Amino acid sequence: MKKRILAGMRAVARPHLGNYLGAGKGMVQLQERAEYETFYMVADLHTLTTPYDKDYLAGLTKDVVMDYLAMGLDPEKSVLFVQSHVPQHTELAYLLSTVTTVAKMSHLPTYKEKIKEYPQHSTMALLNYPVLMAADILIYKAEKVPVGVDQEPHLEIAREIARRMNADYGTDFPEPKMFGTKGAYVPSLLGEGKMSKSVGGSYIALTDDLQMISAKLAKAPTDAGGPGEVPITGPVANLFKFLELFLPNRLEYYGEAYRQGKLRYAELKEELARAIYGEIRPIQERREQFKSKSEMVDEIIHEGARKAKEAAGKTLQEVKEKMGLLV
Ligand code: ADP
Ligand code: TRP
């Protein structure tokens, strides 16, 4: 049997450059390898764990599927689906929650950050977020998960749950590992933290044109441009990280310029803007084509749900039996 891959993005906003480099690119790479069977979903149920607008959720979910297609995911090669269309995920999440302690979930840094951000939304669904994510992965017995580094604590929980289930009930869940790309951590444009859609000004949207990218980069903080060693943390280090990702052959040139105190940020930023735009323009062009193919996209989603349900149903049945339920 082929090894399985599972990944997903929430439907909180259209994916940005960090999502593409950290997760999307890895998703595409794995889809192209014959030894893997790839399952990619839009995690719409996870979207409900923080405040959201119900009038936009369905449209946004479909937009993210179209963004997946534009990034290069191919329904002939991958199963593309919407999480809530496969109810087996939530059913397995319930079963997995029986081997997960409240203490463990409430101490997770990701949980703590979210309740700090949304003090009024400390819900059961948010506490259960990692358990549902573990179910998403384990229900396909996925071995690799293409996500950014910020998701590693969640993967650790999925591994712990897999071990516990295997030990207590004799299931055969593999311990899922992160599949990282070289863009597994894309820094914020603001010089601190990661590029994130929840921080305005921190990200480049996949829909940005060259002018917009230049304008955003122009606002990225800098320093005097040397002389000295290139900083390893902070805003300038982040700009060098972008060079490494988009213009690796210019790293030496700009590093030397910095050491000599001659770095001109305007030149660096302009060159970077063009390189970034060059990378996302093909995605924008493909995205444009799907706009007029709404019915085709519906069909892809429908077919994806059918295939995902078939695979998920098998695992669920197995787990129920092993847990001693009357089946
Ligand atoms: P955001 O943090 O912008 O809300 P999500 O949490 O929806 O993004 O993340 C979707 C996917 O994109 C996850 O796999 C996540 O690890 C990845 N990702 C998000 N931001 C970055 C980033 N700055 N660098 C690399 N990967 C990222
Ligand atoms: N938690 C992930 C994020 O914020 C989204 C997600 C939900 C996911 N279920 C998943 C990612 C399963 C990988 C595998 O981006």
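Parameters and conventions
- Residues numbered from 1 in each chain as written.
- Chains lettered and ligands numbered in written order.
- Predicted model: local features only at pLDDT ≥ 70, side-chain atom pairs only at ≥ 80, totals over all residues.
- Heavy atoms only, no water.
- Phe/Tyr/Trp six-rings, centres within 6.5 Å; stacked < 30°, edge-to-face > 60°.
- Helix = DSSP H or I, 4+ residues; strand = E, 2+ residues; numbered from the N terminus.
- Buried < 20%, exposed > 50% of the residue type's maximum accessible area, 1.4 Å probe, protein only.
- Lys NZ or Arg CZ within 6 Å of the ring centre and 35° of its normal.
- Axes fitted to C-alpha atoms, helices over the stretch in contact; angles between N-to-C directions.
- Parallel < 35°, antiparallel > 145°, perpendicular 65-115°, else oblique.
- Left-handed = near helix turned anticlockwise from the far one by under 90°.
- Contact = heavy atoms within 4.5 Å.
- Nonpolar A, V, L, I, M, F, W, Y, C, P; charged D, E, K, R; others polar.
- Near = heavy atom within 4 Å.
- Polar contact = N/O pair within 3.5 Å; in protein donor to acceptor, adjacent residues only side chain to side chain.
- Areas by Shrake-Rupley, 256 points an atom, 1.4 Å probe, with all protein chains shown as cover.
- Salt bridge = Lys/Arg side-chain N within 4 Å of Asp/Glu carboxyl O.
- Pairing = 2+ DSSP bridges.
- Right-handed = clockwise from strand over helix to strand, strands pointing away.
- Domains from an automatic or database assignment.
- Buried area = accessible area lost by both parts, 1.4 Å probe.
- Core = buried A, V, L, I, M, F, W, Y, C linked by side-chain atoms within 4.5 Å.

1. A few points about the packing of aromatic side chains
Item 1. Under the criterion given, the structure shown has 5 aromatic pairs.
Item 2. Here Phe242 and Phe246 contribute two aromatic rings whose centre-to-centre distance is 6.5 Å and whose plane-to-plane angle is 20°, an arrangement assigned as stacked. Here Phe246 and Phe242 lie together in helix H11 (residues 235-246), a separation of 4 residues that amounts to about one turn. For the pair Phe242 and Phe246, one class covers both residues: buried.
Item 3. Among the aromatic side chains, those forming a connected cluster through ring pairs are Phe39, Phe81 and Tyr140.
Item 4. Lying across the ring of Tyr253, Arg250 places its NZ or CZ 4.1 Å from the centre.

2. Describing the packing of helix H8 (residues 129-138) against helix H9 (residues 152-169)
Item 1. It is the contact of H8 with H9, at a shortest axis distance of 9 Å, that shows an interaxial angle of 70°. Our classification of the angle between H8 and H9 gives roughly perpendicular. The handedness of the crossing between H8 and H9 is right-handed. Contacts between H8 and H9 involve Tyr129, Pro130, Val131, Met133, Ala134, Ile137 and Leu138 from the first element and His154, Leu155, Ile157, Ala158, Ile161 and Ala162 from the second.
Item 2. Split by residue class, the contact of H8 with H9 holds 12 nonpolar, 1 polar and no charged.

3. Quick notes on the site of ligand 1
Item 1. Inspection of the region around ligand 1 gives 19 residues, with His16, Gly148, Asp150, Val186 and Lys194 positioned closest.
Item 2. Separating an oxygen atom of ligand 1 from a backbone N or O atom of Gly148 is a distance of 2.8 Å.
Item 3. In this structure, Lys194 approaches ligand 1 through a side-chain N or O atom, which is 2.6 Å from an oxygen atom.
Item 4. The fraction of the free accessible surface of ligand 1 (540 Å²) that becomes covered by protein chains is 95%.
Item 5. The element that contributes the greatest number of residues to the shell around ligand 1 is helix H1 (residues 17-31), accounting for 4 residues.
Item 6. Across the shell around ligand 1, the residue classes break down as 7 nonpolar, 8 polar and 4 charged.

4. Considering the pattern of salt bridges
Item 1. A complete count under the given rule lists 27 salt bridges for this structure.
Item 2. Lys141 is the partner of Asp172 in a salt bridge, and the nearest nitrogen-oxygen pair spans 2.8 Å. Linking Asp172 in the loop between H9 and strand E5 (177-178) with Lys141 in the loop between H8 and strand E4 (144-145), this pair joins segments that are 31 residues apart in sequence.
Item 3. Residue class for Asp172 comes out partly exposed when judged on its relative accessible area of 47%.
Item 4. Across the pair Arg250 and Glu271 runs a salt bridge, and its minimum N-O distance is 2.8 Å.

5. Quick word on the pairing of strand E2 (residues 36-43)
Item 1. The element E2 is largely enclosed, with a buried count of 7 among its 8 residues.
Item 2. Here 8 bridges tie strand E1 (residues 3-10) to E2, and the two strands are oriented parallel to one another. The residue bridging Arg10 from the neighbouring strand is Ala43, located in E2.
Item 3. On the question of chirality, the crossover connecting E1 to the parallel E2 by way of H1 is right-handed.
Item 4. Bridge count between E2 and strand E3 (residues 78-82): 5 bridges; the pairing is parallel. Note on E3: the bridge partner recorded for Thr38 is Ser78.

6. Brief notes about the domain arrangement of the chain
Item 1. Domain annotation for the chain reports domain 1 (3-184 + 294-322) and domain 2 (210-288).
Item 2. Between domain 1 and domain 2, the contact holds 14 residues from the first and 10 residues from the second.
Item 3. Counting each side, the surface lost to burial between domain 1 and domain 2 is near 950 Å², with a carbon and sulfur contribution of 60%.
Item 4. When the area that domain 1 buries against domain 2 is broken down by residue, the three leading residues are Leu17, Ala70 and Lys182, summing to 52%.
Item 5. Run the count over domain 1 and domain 2 and you get 3 salt bridges.
Item 6. The tally of links from domain 1 across to domain 2 stands at 4 residue pairs in polar contact (both at pLDDT 80 or more).
Item 7. Residue composition of the side of domain 1 that touches domain 2, grouped by class: 7 nonpolar, 2 polar and 5 charged.

7. What about the nonpolar core?
The tendency in soluble globular proteins is for nonpolar side chains to be buried as a group.
Item 1. In terms of nonpolar packing, the biggest core is built from 60 residues, with Phe246, Leu272 and Ile276 touching the most fellow members.
Item 2. Residue contributions to this core peak at 10 residues, all from helix H13 (residues 265-290).
Item 3. Counting contributing residues per domain, this core is built from domain 1 (3-184 + 294-322) and domain 2 (210-288), each supplying no fewer than three.
Item 4. Sequence-distant contacts of Leu272, defined by excluding residues within four places in its chain, comprise Leu217, Leu239, Phe242, Leu243, Phe246 and Leu247.
Item 5. By size, the runner-up hydrophobic cluster in this structure holds 43 residues, among which are Leu127, Tyr129, Ala142 and Ala158.

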